[in-house]
Amino acid sequence: MARRKRRPLVPDSRAALDQLKNQVMANQGYHVDSENPDGVKYEIAEEAGVPLKPGYNGRLTSKQAGTVGGKIGGSMVKELIRMAQERMKEQ
């Protein structure tokens, strides 16, 4: 059974989150496609040796999935923290 795509708590934020993902991953040297923001995960998976493919990936271990998702999500969180710290300095 394929897992449904995760939805953000605020549905209207999807475009902004995709834009942030593209910006962060481009800054790290990955190829990003604004039309396909999830494409970068396949590049990361290939680099890490994780057999991630479009569609069903139920045979991946948690460690393999975390290797890909953690790289993207962790980078986004670091950038959000950096942005928040910059805004706090302005006040």
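> Even after reading the chapter, I still don't get the overall build of the protein chain, so can you show me in this structure?
Scanning the protein chain for helices and strands turns up 3 helices and 0 strands. Sequence-ordered secondary structure for the protein chain, helices as α and strands as β, is α-α-α. With the C-alpha coordinates aligned to their principal axes, the bounding extent of the protein chain is approximately 50 × 30 × 25 Å. Long-range contacts, defined as pairs at least 24 residues apart, comprise 38% of the intrachain contacts of the protein chain with a sequence gap of at least 6. For the protein chain, the exposed surface amounts to about 7300 Å²; the carbon and sulfur share of it is 52%. For the protein chain, the distance from the average position of its 16 positive side-chain charges to the average position of its 11 negative side-chain charges is 10 Å.

> Looking at this model, I keep getting lost on the environment of threonine 67. Mind explaining?
Here threonine 67 shows up in helix α3 (residues 62-90). For threonine 67, a relative accessible area of 36% translates into the label partly exposed. In the structure, threonine 67 is positioned 10 residues away from valine 77 in sequence and 15 Å away in space, judged by C-alpha atoms. The contact partners of threonine 67, leaving out residues within four places of it in the chain, are Ala48 and Val50. Engagement of the side chain of threonine 67 in a polar contact is seen with the backbone oxygen of lysine 63, the distance being 2.8 Å.

> Would you mind showing me how to read the packing of helix α1 (residues 14-27) against α3 here?
Interaxial distance between α1 and α3 falls to 10 Å at its minimum, and their mutual angle equals 95 degrees. In terms of axis orientation, α1 runs roughly perpendicular to α3. Counted together, Leu17, Leu20, Lys21, Gln23, Val24 and Met25 of α1 and Lys71, Ile72, Ser75, Met76, Glu79, Leu80 and Met83 of α3 form the full contact between these two elements. Tallied by class, residues from the contact of α1 with α3 come to 8 nonpolar, 2 polar and 3 charged.

> Please explain the nonpolar core as it appears in this structure.
For soluble globular proteins, nonpolar side chains are generally found buried alongside one another. Grouped together as the largest cluster of nonpolar side chains are 13 residues, with contacts concentrated most on Met25, Val40, Ile44, Val50, Leu52, Val68 and Ile72. Setting aside anything within four residues of it in sequence, one finds valine 50 in contact with Ala45, Leu60, Gln64, Thr67 and Val68.

> Help me understand the packing of helix α2 (residues 40-48) against α3, please; the structure alone is not making it clear to me.
α3 packs onto α2 with a crossing angle of 125 degrees between their chain directions and a minimal axis gap of 9 Å. With respect to α3, the axis of α2 lies oblique. Of the two elements, α2 crosses α3, and the hand of that crossing is right-handed. Residues Val40, Lys41, Ile44, Ala45 and Ala48 of α2 form the contact with α3, whose own contacting residues are Thr67, Val68, Lys71 and Ile72. Across the contact of α2 with α3, the residue classes tally to 6 nonpolar, 1 polar and 2 charged.

Criteria and thresholds
- Residues numbered from 1 in each chain as written.
- Predicted model: local features only at pLDDT ≥ 70, side-chain atom pairs only at ≥ 80, totals over all residues.
- Heavy atoms only, no water.
- Helix = DSSP H or I, 4+ residues; strand = E, 2+ residues; numbered from the N terminus.
- Contact = heavy atoms within 4.5 Å.
- Areas by Shrake-Rupley, 256 points an atom, 1.4 Å probe, with all protein chains shown as cover.
- Lys, Arg positive; Asp, Glu negative; His and termini not counted.
- Charge placed at Lys NZ, Arg CZ, Asp CG, Glu CD.
- Buried < 20%, exposed > 50% of the residue type's maximum accessible area, 1.4 Å probe, protein only.
- Polar contact = N/O pair within 3.5 Å; in protein donor to acceptor, adjacent residues only side chain to side chain.
- Axes fitted to C-alpha atoms, helices over the stretch in contact; angles between N-to-C directions.
- Parallel < 35°, antiparallel > 145°, perpendicular 65-115°, else oblique.
- Nonpolar A, V, L, I, M, F, W, Y, C, P; charged D, E, K, R; others polar.
- Core = buried A, V, L, I, M, F, W, Y, C linked by side-chain atoms within 4.5 Å.
- Left-handed = near helix turned anticlockwise from the far one by under 90°.

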